[in-house]
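Observations on chain architecture
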Amino acid sequence: MHCPKMLRWRTLLAAWQQRRDLDVLTLVGRLTLLMFLLHPVGEGVLRPLFLLLAGWGLVDPRALYHRMLWLGLTVAAGWRVLADWPLADNHAYLLCYWCLAFACSLSLPEPRRALAAHGRWLIGLVFLLATVWKVVLSPDYLDGTFFRFILLADERFVNLTRLVGGLTEAQIEMSYQALLPEGERDAMSGLPVLPSRFTLFVQVATWWTVSLEAAVGLCFLLPLSGKSAHWSHGLLLIFCITTYVIAPVVGFGWLLLLMGLAQCKPNQSMLKIAYLTVYALLLLYEELEWVKGG
Amino acid sequence: MVPSMVSRRYAVVLRTLPCALLLIVAGHQWFLVYTTQLTPWLGGGFGMFSTVDDGVNRYLRVYLLEAQGPRGVQIPREFESHGERVQALPHVSAMRRFAAILAPYFIAQNRRFSALRVEVWRTMYTTEQMRPIDRLIRSIDWQTHHALP
């Protein structure tokens with residue numbers, strides 16, 4: 001039926017395709033493990049355990065594709081959440097789901113496609129939940145109270161408030177004293193008159209954040225294909241570039257980027273480069289003064 | 001036929017497990033927020049950066065109920081991390097456990113009190129003026145006779 005030459009070409013093509021699939025998987029796997037080294041997590045015995053498992057996966061290429069490595073990381077990440085209950089941050093949970101997604105994908109016939117699907121659904125659900133909290137469940141997000149408070153009272157945002165909001169050092173200090181809980185609060189101090197630039201900044205930050213989160217959630221949950229699927233990646237990259245320049249939770253940003261990167265098709269080299277660039281950018285963000293706060 | 005059915009089911013589980021887990025945890029977080037006043041920032045429901053009801057806006061107050069009336073006391077440093085968990089998730093049983101840990105500390109200091117009161121408070125803010133409004137979330141009185149052998 002088939003000539004031997006044709007069969008040989010098909011075999012070569014299949015091998016090449018498999019190699020390219022493995023490239024995406026390897027890249028995402030290695031960057032996930034690298035994240036544990038760049039940002040060590042866990043306390044006590046968990047921290048060396050994470051480092052050991054991540055180091056093993058980076059040094060031994062066979063371990064990277066072994067589901068036991070990822071199951072080990074899942075158990076460690078889950079243990080971290082339980083040990084810290086209820087104080088664990090949301091990205092500690094997400095890390096656990098991502099390691100589990102990797103372990104599950106490596107047990108399936110087409111690991112790259114399986115991981116891409118996990119990444120897509122995890123991003124969609126995370127952004128959907130974040131949007132529901134902001135729009136429906138929270139009593140003080142849409143009216144701007146949340147951003148007004150966090151920009152005035154959270155030390156991590158002091159430099160941003162000064163730079164973009166146009167507040168002086170004295171105004172920030174006065175606001176901080178007025179917003180402390182009863183007992184610590186200076187009873188005599190009230191909130192100073194805030195510049196209109198600050199009010200505008202609060203409005204923009206409030207609506208920009210929730211609109212972008214809703215858009216990312218929808219794009220990843222809806223079955224988009226072809227060029228419209230590029231919107232999903234574009235919005236996720238914009239979200240990471242604009243959010244983590246302000247919010248000091250780089251670990252969360254890296255996880256989202258890795259989930260996005262996992263969805264790159266083997267021939268989407270430019271998209272992969274874009275994800276890698278933003279991954280590196282988040283590392284640089286940590287060195288920015290206003291991200292450090294204070 | 002049976003093995004292929006099993007492997008197909010196994011594949012479905014592998015394809016859905018992480019997201020199913022995420023949804024179960026998020027549902028549990030919603031339940032705790034509405035029943036036990038868990039702060040929306042925590043618990044794996046992705047409610048971070050959506051409300052001021054977190055961290056600095058939650059605080060604990062501890063009183064020794066003495067013959068002269070309630071006397072406020074400072075939470076000793078070694079119990080602060082336990083206190084953080086209680087103020088994030090002020091479940092009655094967690095508050096009782098916290099009181100049971102604190103009471104022997106004050107008894108050892110020869111303080112005389114019939115009960116130890118633990119209160120969890122939350123500060124919210126008015127929209128425009130950002131005027132703080134402090135609200136009691138939950139309060140428990142833990143009788144010291146529980147501490148007696």
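Everything numeric in this text was worked out from a predicted model, so none of it was measured.

**Structural notes on the overall build of chain B**
For chain B, the helix and strand inventory stands at 3 helices and 4 strands. Going residue by residue from the N terminus, the α and β elements of chain B occur as α-β-β-α-α-β-β. For a compact globule of 149 residues, the expected C-alpha radius of gyration is about 15 Å, and chain B comes in at 21 Å, more than 25% above that figure. If one aligns the C-alpha atoms of chain B with their principal axes, the spans along those axes are about 80 × 50 × 25 Å. The 149 residues of chain B split such that 48% are buried. Sequence-distant contacts, at least 24 apart, represent 55% of the contacts inside chain B between residues at least 6 apart. As displayed, chain B offers around 8100 Å² of accessible surface, 58% of which is attributable to carbon and sulfur atoms. Of the charged side chains in chain B, 17 are positive and 10 negative, and the gap between their average positions amounts to 9 Å.

**Considering the overall build of chain A**
Along its length, chain A carries 14 helices and 0 strands. Here chain A holds 294 residues, and the buried ones make up 51% of them. Excluding contacts between residues fewer than 6 apart, the proportion of contacts in chain A whose partners are at least 24 apart in sequence is 67%. For chain A, the distance from the average position of its 23 positive side-chain charges to the average position of its 20 negative side-chain charges is 20 Å.

**Side note on the confidence of the model for chain B**
Reading fine detail from the predicted coordinates is not recommended where pLDDT is low. Per-residue confidence for chain B gives a mean pLDDT of 90; residues scoring 70 or more make up 93%. Here the predicted complex scores 0.90 on pTM and 0.91 on ipTM.

**Some remarks on the interface of chain B and chain A**
Each partner contributes to the interface: chain B provides 50 residues, whereas chain A provides 50 residues. When the buried area of chain B at its contact with chain A is split by residue, Phe-46, Phe-49 and Met-130 of chain B rank highest and sum to 17% of it. Summed over the shared surface of chain B and chain A, the result is 1 salt bridge. A salt bridge links Arg-85 of chain B to Asp-84 of chain A, with the shortest nitrogen-to-oxygen separation between them at 3.8 Å. Our enumeration of links across chain B and chain A arrives at 14 residue pairs in polar contact (both at pLDDT 80 or more). Of all the secondary structure elements, the ones that give two or more residues to the side of chain B that touches chain A are helix H1 (2-36), strand E1 (58-66), helix H2 (80-88), strand E3 (115-125) and strand E4 (132-143) of chain B. In terms of residues, the side of chain B that touches chain A owes the most to one element, H1 of chain B, which gives 19 residues. When the residues that make up the side of chain B that touches chain A are grouped by side-chain class, the tally is 31 nonpolar, 13 polar and 6 charged.

**Considering the pairing of strand E2 (residues 69-73) of chain B**
Residues and elements named next belong to chain B. Strand direction decides the pairing type here: E1 and E2, joined by 5 bridges, are antiparallel. Within the sheet, the bridge partner assigned to Leu-65 lies in E2 and is Pro-70. Hairpin connection of E1 to E2: 2 residues between the antiparallel strands.

**Notes on the packing of aromatic side chains**
One pass over the full model with this rule turns up 18 aromatic pairs over all chains. Here the aromatic rings of Phe-146 of chain A and Phe-147 of chain A are separated by 5.3 Å at their centres, their planes lie at 70 degrees, and the arrangement is edge-to-face. When its relative accessible area of 1% is taken as the criterion, Phe-146 of chain A is described as buried. Geometrically, the ring pair formed by Tyr-59 of chain B and Trp-121 of chain B is stacked, given 6.3 Å between the ring centres and 10 degrees between the ring planes. Of this pair, Tyr-59 of chain B sits in strand E1 while Trp-121 of chain B sits in strand E3; the two residues are 62 residues apart in sequence, bridging distant segments of the chain. With respect to class, Tyr-59 of chain B is no different from Trp-121 of chain B; both count as buried. Among the aromatic residues, ring-to-ring pairing joins Tyr-141, Phe-146 and Phe-147 of chain A together with Trp-41 and Phe-49 of chain B into one connected group. Positioned over the ring face of Trp-121 of chain A is Arg-120 of chain A, at 5.1 Å from the centre of the ring. Across the ring face of Trp-121 of chain B, the terminal group of Arg-61 of chain B is positioned such that the distance to the ring centre comes to 5.0 Å.

**A few points about the packing of helix H2 (residues 46-59) of chain A against helix H4 (residues 67-83) of chain A**
All names here are of chain A. In the contact formed by H2 and H4, the axes pass within 10 Å of each other and the chain directions differ by 160 degrees. Here H2 is positioned roughly antiparallel relative to H4, judged by the angle of their axes. For the pair H2 and H4, the sense of crossing is left-handed. Across the interface between the two elements, Leu-46, Leu-49, Phe-50, Leu-53, Trp-56 and Gly-57 from H2 touch Leu-69, Gly-72, Leu-73, Ala-76, Ala-77, Trp-79 and Arg-80 from H4. Of the residues belonging to the contact of H2 with H4, the class tally is 10 nonpolar, 2 polar and 1 charged.

**Quick notes on the pairing of E4 of chain B**
All names here are of chain B. By the bridge criterion, 11 bridges tie E3 to E4 in an arrangement that is antiparallel. Note on E4: the bridge partner recorded for Arg-117 is Asp-141. Linkage of E3 to E4, two consecutive antiparallel strands, is achieved through a turn of 6 residues, within which Met-130 is found at a positive phi near 55 degrees.

Rules used throughout
- Residues numbered from 1 in each chain as written.
- Chains lettered and ligands numbered in written order.
- Predicted model: local features only at pLDDT ≥ 70, side-chain atom pairs only at ≥ 80, totals over all residues.
- Heavy atoms only, no water.
- Helix = DSSP H or I, 4+ residues; strand = E, 2+ residues; numbered from the N terminus.
- Rg over C-alpha atoms; globule rule 2.2 N^0.38 Å.
- Buried < 20%, exposed > 50% of the residue type's maximum accessible area, 1.4 Å probe, protein only.
- Contact = heavy atoms within 4.5 Å.
- Areas by Shrake-Rupley, 256 points an atom, 1.4 Å probe, with all protein chains shown as cover.
- Lys, Arg positive; Asp, Glu negative; His and termini not counted.
- Charge placed at Lys NZ, Arg CZ, Asp CG, Glu CD.
- pLDDT = per-residue confidence, 0-100.
- Buried area = accessible area lost by both parts, 1.4 Å probe.
- Salt bridge = Lys/Arg side-chain N within 4 Å of Asp/Glu carboxyl O.
- Polar contact = N/O pair within 3.5 Å; in protein donor to acceptor, adjacent residues only side chain to side chain.
- Nonpolar A, V, L, I, M, F, W, Y, C, P; charged D, E, K, R; others polar.
- Pairing = 2+ DSSP bridges.
- Phe/Tyr/Trp six-rings, centres within 6.5 Å; stacked < 30°, edge-to-face > 60°.
- Lys NZ or Arg CZ within 6 Å of the ring centre and 35° of its normal.
- Axes fitted to C-alpha atoms, helices over the stretch in contact; angles between N-to-C directions.
- Parallel < 35°, antiparallel > 145°, perpendicular 65-115°, else oblique.
- Left-handed = near helix turned anticlockwise from the far one by under 90°.

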